[in-house]
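Each chain, letter by letter, is given below.
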Amino acid sequence: SVTVVGSINIDLTSYLDRWPNVGETIAVRETVSSLGGKGANQAVAAARLGARATFIGAVGTDGFAQQAAGELRREGVGALLAELAETATGLAFIDVGPEGGNMIRLAGGANHKLTPADIRAQADVLAACDVVLLQNEIGLETSLEAARLAHAAGALVIMDPAPAPVPAWPRDVLQNFDIITPNAHEAGGLLGWEPKMLDEGREAAKVLRDFCRIGAIVTLGEKGVAWELGDDVGSLPAPKVKAIDTVAAGDCFNGALATRLSLGESPKEAIAFAMRAAALATTRKGAASSLPTLEELEAPLKS
Ligand code: ADP
């Protein structure tokens, strides 16, 4: 099984016919509210792809908290949510402009108040799972506590150091993770130089491997993925698809990777599967709404 410890938001996405000016009020074309946050997205990805998935995170005591919890349950994700009094559930205010570009204001709210003690309260859950998946949208000390408890019980710990900007984490932080999965930009934050092509991705993974317990998987968007995991090294070009919206591609990749590694698949097989899932997600709009199910992945990819 897979346990995700991380962020959960409600995304309030508005579609605009034009951008407003400062001081101006305009009517939007449409607003959609949906589950978001990297942690929640990755848990949903894992559940849709067949994992027994649990999510540990924090919400407020507002109406958004109930919506977030309800959406996780509908997706079949076990939701262990700390409900924090006098705190707002995380909100992402997303404006999509007429040409498809977006502007996002993120109010992290309860996500920043999830503490190491909240994680210790779920020690049994962390001890019982195969893979623990982390991101960088909650406090680092909280993620590190999850990593420590998971390791004590023999689980595999994957850290997706997203979103950017990534702190230049020192070695003693990276040593808490088995596998780190930066995209090119995040690898740049960790290394001081940004890989562009697959061979540079290999180089980046090689350097990062020595900082983590097992190694690194560097994702390079439409170019593909490079990895160095102990003695298992390689790279794969991304499947060619007609990408229309790459939002949540990384979340899909990480949820899928964790799912397949939890089932005992080899790194190469798990990475190839995650790349197929992420490629399919880029052909559909939205974040959680773009995440594929196992059945959808079994159909041939349209290029
Ligand atoms: P993030 O979404 O976190 O910024 P990437 O852009 O590297 O990270 O995307 C993650 C993975 O999603 C890639 O390694 C790749 O497998 C897949 N992916 C992203 N964009 C495309 C694309 N245009 N075509 C095919 N696969 C893609």
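Definitions and cut-offs
Residues numbered from 1 in each chain as written. Predicted model: local features only at pLDDT ≥ 70, side-chain atom pairs only at ≥ 80, totals over all residues. Pairing = 2+ DSSP bridges. Helix = DSSP H or I, 4+ residues; strand = E, 2+ residues; numbered from the N terminus. Contact = placed C-beta atoms within 7 Å. Axes fitted to C-alpha atoms, helices over the stretch in contact; angles between N-to-C directions. UniProt positions renumbered as here; feature names shortened; annotations may be inferred. Buried ≥ 20, exposed ≤ 12 C-beta atoms within 10 Å, placed from the backbone. Near = placed C-beta within 6 Å.

1. Section: the sheet that holds strand S5 (residues 78-83)
Strand order in this open sheet of nine strands is S5-S4-S1-S8-S9-S10-S11-S12-S13, and the pairing throughout is mixed. Of all strands in the sheet, those with a lone pairing partner are S5 and strand S13 (232-237), marking the two edges. For strand S11 (residues 215-219) and strand S12 (residues 224-229), the ladder comprises five bridges, and the chain directions are antiparallel. What sits directly across from Thr-219, in S12, is Val-225. Its contacts with the sheet place helix H1 (residues 38-48) against strand S1 (2-5), strand S4 (53-59) and strand S8 (131-135), and it is angled at close to 160 degrees to S4.

2. So, the sheet that holds strand S7 (residues 102-107)
Overall, mixed pairing links the four strands, which are arranged S3-S2-S6-S7 in an open sheet. Where the open sheet ends on each side, the last strands, each with one partner, are strand S3 (30-36) and S7. This sheet shows a mean twist of 15 degrees between the axes of neighbouring strands, independent of strand direction. Bridge count between strand S6 (residues 90-96) and S7: six bridges; the pairing is antiparallel. Residue Ile-94 lies in a different strand from S7, and its bridge partner there is Ile-104.

3. Focus on the UniProt feature "binding site: substrate" (unreviewed entry) in the protein chain
In this structure's numbering, the residues bearing the UniProt feature "binding site: substrate" (unreviewed entry) are Asn-9, Ile-10, Asp-11, Gly-37, Lys-38, Gly-39, Ala-40, Asn-41, Glu-137 and Asp-251. Within the element layout of this structure, Asn-9 appears in strand S2 (residues 9-15). Owing to 29 C-beta atoms within 10 Å, Asn-9 belongs among the buried residues under this scheme. Among the structural elements, Asp-251 can be located in helix H9 (residues 249-262). Not counting residues within four places of it along the chain, the set of residues in contact with Asp-251 comprises Lys-38, Asn-41, Gln-42 and Ala-45.

4. Focus: the site of the ligand
Surveying the vicinity of the ligand reveals 19 residues, the closest of which are Thr-219, Glu-222, Ala-243, Gly-250 and Ala-278. Elements supplying a minimum of two residues to the shell around the ligand: H9 and helix H10 (267-282). No other element matches H10, which puts four residues into the shell around the ligand.

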